[in-house]
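Chain residues, written in single-letter form:
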Amino acid sequence: MSEAPALYLSGSASFEDTPVFSGLDLKVAAGRWTCLLGSSGVGKSTILKLFAGLADQVDFKGQLGAEGMSLDGSVALMAQDDLLMPWLTALENVLLGARLRGDKPDTMRALGVLERVGLSEKAGQKPAELSGGQRQRVALARTLMEDRPIVLLDEPFSALDAKTRAQMQDLACELLAGRTVLLVTHDPAEAARLGHQIILMTEESTQAITPPQSDAPRAATDPDVLRAQGDMLALLCAETPD
Ligand SMILES: Nc1ncnc2c1ncn2[C@@H]1O[C@H](COP(=O)(O)OP(=O)(O)OP(=O)(O)O)[C@@H](O)[C@H]1O
């Protein structure tokens, strides 16, 4: 894997004539986990799509890129919708990237990743035969299969039960160590466990939240994690009053 780069995005985006964000200035640290929080509709998924080159309908004015590296071929995106192919098995979905690129599929590695996400026994099942959380784990496995320096995760653990969520957070943290990860989440506890950099996005600006200083993934009961989680929740509630 090439060395993971810092990312930058500054400018404004709109859908046709409807503004999504303007005057945004976002910097994502190299080789670290950056967690992006903010109320619904503020433009978080749009930012990930812009970095992934999948925002054809977005009118973006500004600058975005990776320091010293082209974004082309450097990015793996796990979208909010799991985007699994319904006619393929879990294993075939995990191997989809290789298949689309015309590469030789590494079935043993894919089976290993499926085992790590706890789905060995579901490798031959189609998405319709899986629960929402299991589908999300297949999508995570597919993202982990792509050996990219930049990994964009859009609410990857949202459909998981609490125990599986903690396990998948730990696994992603281990397997994506050293990559530049931009994680969109609505969960302050998740950001406090995983983030080296935490950014709260509002319609007007971005605000950096001081993350706990210990190594990630952090224990959910760590007092610094609980403090950071509380600070974020207070800011998010202040941002979106009833
Ligand atoms: N294809 C589209 N066409 C028109 N408007 C869109 C389209 N996709 C998103 N939008 C609008 O752009 C804005 C930002 O959407 P985006 O999905 O980036 O927000 P978000 O912060 O990720 O929201 P959430 O937390 O609910 O996922 C929203 O107002 C949304 O309605």
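Located above this text is the structure these notes cover.
What comes next is a walk through the structure. Since this is a predicted model, take the numbers as computed values, not measurements.

**With respect to the pattern of salt bridges**
Part 1: Evaluation of the coordinates by the stated rule reveals 10 salt bridges.
Part 2: Here Asp59 and Lys61 are joined by a salt bridge, their closest N and O atoms 3.0 Å apart.
Part 3: Judged by its relative accessible area of 34%, Asp59 falls in the partly exposed class.
Part 4: Between Arg227 and Asp231 there is a salt bridge, with the nearest N and O atoms lying 3.2 Å from each other. You can see Arg227 and its partner Asp231 sitting in helix α8 (residues 223–239), four residues apart, about one turn around the helix.
Part 5: For Arg227, a relative accessible area of 37% translates into the label partly exposed.

**What to know about the sheet that holds strand β2 (residues 18–28)**
Part 1: Strand order in the open sheet made by the three strands is β2-β1-β4, with antiparallel pairing throughout. Because the sheet does not close on itself, it has two edges, and the strands there are β2 and β4 (58–66). Neighbour-to-neighbour, the strand axes of this sheet turn through a mean angle of 5°, independent of strand direction.
Part 2: Judged from the eight bridges that link them, strand β1 (residues 7–15) and β2 form a sheet pairing that is antiparallel.

**Some points on the packing of helix α4 (residues 107–116) against helix α5 (residues 132–145)**
Part 1: Where α4 meets α5, the closest approach of the two axes is 9 Å, and the angle between their N-to-C directions is 135°. Looking at the two axes, α4 sits oblique to α5. Taken as a pair, α4 and α5 cross one another with a handedness that is right-handed. When α4 is examined against α5, the residues Arg109, Ala110, Val113 and Leu114 are found in contact with a partner set consisting of Ala141, Leu144 and Met145.
Part 2: Looking at side-chain class alone, the contact of α4 with α5 contains six nonpolar, no polar and one charged residues.

**Some details on the side chain of Thr180**
Part 1: Note that Thr180 resides in strand β7 (residues 180–184).
Part 2: Judged by relative accessible area, Thr180 falls into the buried class, the value being 0%.
Part 3: The contact partners of Thr180, leaving out residues within four places of it in the chain, are Ala4, Pro5, Leu7, Val28, Ala29, Ala30, Gly31, Arg32, Pro149, Ile150 and Val151.

**Brief notes about the site of the ligand**
Part 1: Near the ligand there are 14 residues, and of these Ser40, Lys44, Ser45, Thr46 and His186 occur at the shortest range.
Part 2: In the model, an oxygen atom of the ligand is placed 3.2 Å from a nitrogen or oxygen of the Val42 main chain.
Part 3: Within the backbone of Gly43, an N or O atom sits 3.0 Å from an oxygen atom of the ligand.
Part 4: Here the ligand has 640 Å² of accessible area as a free molecule, and 61% of this is covered by the chains.
Part 5: At three residues, the largest contribution of residues to the shell around the ligand is made by helix α1 (residues 44–52).
Part 6: Across the shell around the ligand, the residue classes break down as three nonpolar, nine polar and two charged.

**Looking at the nonpolar core**
Part 1: Membership of the largest hydrophobic core comes to 43 residues, with the highest contact counts inside it found for Trp33, Leu37, Leu114, Val117, Leu153, Leu176 and Met232.
Part 2: Membership of the second largest hydrophobic core comes to 27 residues, among which are Leu7, Val20, Val75 and Met201.

**Observations regarding the side chain of Thr46**
Part 1: Checked against the element boundaries, Thr46 lands in helix α1.
Part 2: We classify Thr46 as buried; its relative accessible area is 10%.
Part 3: Residues in contact with Thr46, not counting those within four places in the same chain, are Phe15, Val20, Phe21 and Val58.

The rules behind each value
- Residues numbered from 1 in each chain as written.
- Predicted model: local features only at pLDDT ≥ 70, side-chain atom pairs only at ≥ 80, totals over all residues.
- Heavy atoms only, no water.
- Salt bridge = Lys/Arg side-chain N within 4 Å of Asp/Glu carboxyl O.
- Buried < 20%, exposed > 50% of the residue type's maximum accessible area, 1.4 Å probe, protein only.
- Helix = DSSP H or I, 4+ residues; strand = E, 2+ residues; numbered from the N terminus.
- Pairing = 2+ DSSP bridges.
- Axes fitted to C-alpha atoms, helices over the stretch in contact; angles between N-to-C directions.
- Parallel < 35°, antiparallel > 145°, perpendicular 65-115°, else oblique.
- Left-handed = near helix turned anticlockwise from the far one by under 90°.
- Contact = heavy atoms within 4.5 Å.
- Nonpolar A, V, L, I, M, F, W, Y, C, P; charged D, E, K, R; others polar.
- Near = heavy atom within 4 Å.
- Polar contact = N/O pair within 3.5 Å; in protein donor to acceptor, adjacent residues only side chain to side chain.
- Areas by Shrake-Rupley, 256 points an atom, 1.4 Å probe, with all protein chains shown as cover.
- Core = buried A, V, L, I, M, F, W, Y, C linked by side-chain atoms within 4.5 Å.

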